[in-house]
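Okay, here's what each chain looks like letter by letter:
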Amino acid sequence: MMERITEPELMDGADQAAAYAGADFEEPNSHFIQLFAEYVGAPSGPVLDVGCGPGDIVLRLARQYPEVAIHGLDGADTMLAFAREALAAEPELQPRVEFVLGTVPGAALPADAYAAVTSNSLLHHLHDPMALWQTIRAVAQPGAAVLVMDLFRPADRAAAARIVDAYGAGEPEILRTDFFNSLLAAFTPDEVQEQLRAAGLPGLKVAVVSDRHLLVHGRV
Ligand SMILES: C[S@@+](CC[C@H](N)C(=O)[O-])C[C@H]1O[C@@H](n2cnc3c(N)ncnc32)[C@H](O)[C@@H]1O
């Protein structure tokens, strides 16, 4: 198994954020919403999405659960500009959706406040993955639901290149390069299991849900 090679945490380059915001994530993002319905169901209170990027998952959750407030946190203002633009096009969601600039660890978030915490494709960016798990412990209500999806690291660079060819065909080169680097930076399911143990989150389990994605689900 190849060693993890980290990439920069924030996606705050203008070209990088624009390419990401313009990419077609219909399949993985609608899969995430299906998994949310399956593992979490209708949330009983506010939801936080950590590393929300251009906000597509936040807006999908807000449409799906019309009673619920959803907050998206990201450390890249360039990404949040796309999220705010998308929210501006849906005025009916505006009273319930908020995009917050901040990085984990250390973002100014209320303690014990969220009934569910989600995150998609953030974990592999973090140089110290405990930043995500400690944030979840701090902001989640006791018993809150957690749903975290991310890539997992393939066995070697050739396997990573095959995944990029299979799912990134026709995408701009900047996105294909980010995708390849993300696969090399990702964790294995065993590594994530060990992070959860170290974080004191025994109610969270790791499952492999596609040929490139793992899912962490359960209750705090
Ligand atoms: C690959 S994008 C995923 C965006 C979104 N969750 C999605 O599924 O499309 C990862 C996002 O995490 C953000 N990010 C990376 N490290 C972060 C940190 N330490 N704190 C907050 N956001 C971070 C990046 O700026 C980027 O917008």
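Shown above is the structure to which this text applies.
Sequence order sets the numbering: in each chain, residues are counted from 1 along the sequence as written. Owing to the predicted nature of the model, reporting of local features is limited to residues with pLDDT of at least 70; listing and counting of side-chain atom pairs is limited to 80 or more, with chain, interface and lining totals taken over all residues. The basis for every side-chain value is the complete set of heavy atoms in the structure, and neither hydrogens nor water enter the calculation.

A.B. asks: Got a minute to help me understand the overall build of the chain in this structure?
C.D. replies: The helix count covers DSSP runs of H or I at least four residues long, the strand count covers runs of E at least two residues long, and both are numbered beginning at the N terminus. For the chain, the count of helices and strands is 8 helices and 7 strands. Against the compact-globule benchmark of 17 Å for 220 residues, the chain has a radius of gyration of 16 Å, which places it among compact chains. When burial is assessed residue by residue, the chain has 53% of its 220 residues classed as buried. Look at the contacts in the chain between residues 6 or more apart in sequence, and 75% of them connect residues 24 or more apart. All accessible areas in this document rest on Shrake-Rupley with a 1.4 Å probe, and a residue is counted as covered only by the protein chains that are shown. For the chain, the exposed area adds up to about 9,700 Å²; of that, 54% sits on carbon and sulfur atoms. Note that the radius of gyration is over C-alpha atoms, with the globule rule given as 2.2 Å times the number of residues to the power 0.38. Under the scheme applied here, a residue whose accessible area is under 20% of the maximum for its type counts as buried, over 50% as exposed, and between as partly exposed, the area being computed with a 1.4 Å probe on protein chains only. Between two residues, a contact is recorded if the distance between any of their heavy atoms is within 4.5 Å.

A.B. asks: I'm lost on the packing of aromatic side chains in this one. Help?
C.D. replies: The relation between two aromatic rings is expressed through the spacing of the ring centres and the mutual angle of the planes. Centres within 6.5 Å make a pair out of two Phe, Tyr or Trp rings, where for Trp the six-membered ring is used; the pair is then stacked when the planes are under 30 degrees apart, edge-to-face when over 60, and tilted otherwise. For the structure on display, the rule yields 2 aromatic pairs. When the centroid spacing of 5.5 Å and the interplanar angle of 55° are considered together, the rings of Phe36 and Tyr65 count as tilted. Of the two residues, Phe36 is situated in helix 2 (residues 26-39) and Tyr65 in the loop between helix 3 (56-64) and strand 2 (70-74); the sequence distance between them amounts to 29 residues. A residue is classified by how much of its surface remains accessible, and Phe36, at 0% relative accessible area, is buried. For a lysine, the NZ atom is tested; for an arginine, the CZ atom; a charge sits over a ring if that atom is within 6 Å of the ring centre and within 35 degrees of the ring normal. Geometry around Tyr167 places Arg212 over its ring, the cationic atom sitting 3.5 Å from the centre.

A.B. asks: Just to check I follow, could you spell out the side chain of Asn120 for this structure?
C.D. replies: Within the element layout of this structure, Asn120 appears in strand 4 (residues 114-120). A relative accessible area of 13% places Asn120 in the buried class. Residues contacting Asn120, with those up to four places away along its chain left out, are Asn29, Phe32, Asp49, Val50, Gly51, Ile57 and Met149.

A.B. asks: Even after reading the chapter, I still don't get the nonpolar core, so can you show me in this structure?
C.D. replies: Residues belong to one nonpolar core when they are buried, are Ala, Val, Leu, Ile, Met, Phe, Trp, Tyr or Cys, and are joined through side-chain atoms within 4.5 Å. Among the nonpolar cores identified, the biggest contains 31 residues, and Leu132, Trp133, Val192 and Val216 are the most heavily contacted of them. Contributing elements (two or more residues each) for this core: strand 1 (47-50), strand 4, helix 5 (130-139), strand 5 (140-151), helix 8 (189-199), strand 6 (204-208) and strand 7 (213-219). No other element matches helix 5, which puts 6 residues into this core. Setting aside its immediate chain neighbours within four residues, Val192 contacts Leu123, Trp133, Phe187, Val206, Leu214 and Val216. Counting residues in hydrophobic clusters, the runner-up holds 26 residues, among them Leu80, Ala83, Ala116 and Leu147.

A.B. asks: Just checking my understanding: could you explain the site of the ligand for this structure?
C.D. replies: Residue proximity to a molecule or strand is established when one non-hydrogen atom of the residue lies within 4 Å of it. Residues in close proximity to the ligand total 20 residues, the closest being Glu9, Tyr20, Gly51, Asp74 and Asn120. Counting of polar contacts relies on pairs of N or O atoms within 3.5 Å, with two restrictions inside protein: one atom must be capable of donating a hydrogen and the other of accepting it, and residues adjacent in sequence are counted only when both atoms are side-chain atoms. Contact between the ligand and Glu9: a nitrogen atom at 3.1 Å from a side-chain N or O atom of the residue. Within the side chain of Tyr20, an N or O atom sits 2.8 Å from an oxygen atom of the ligand. In isolation the ligand has 600 Å² of accessible area, and contact with the protein removes 98% of it. When residues are grouped by polarity, Ala, Val, Leu, Ile, Met, Phe, Trp, Tyr, Cys and Pro land in nonpolar, Asp, Glu, Lys and Arg in charged, and all others, Gly among them, in polar. Tallied by class, the residues present in the shell around the ligand amount to 10 nonpolar, 8 polar and 2 charged.

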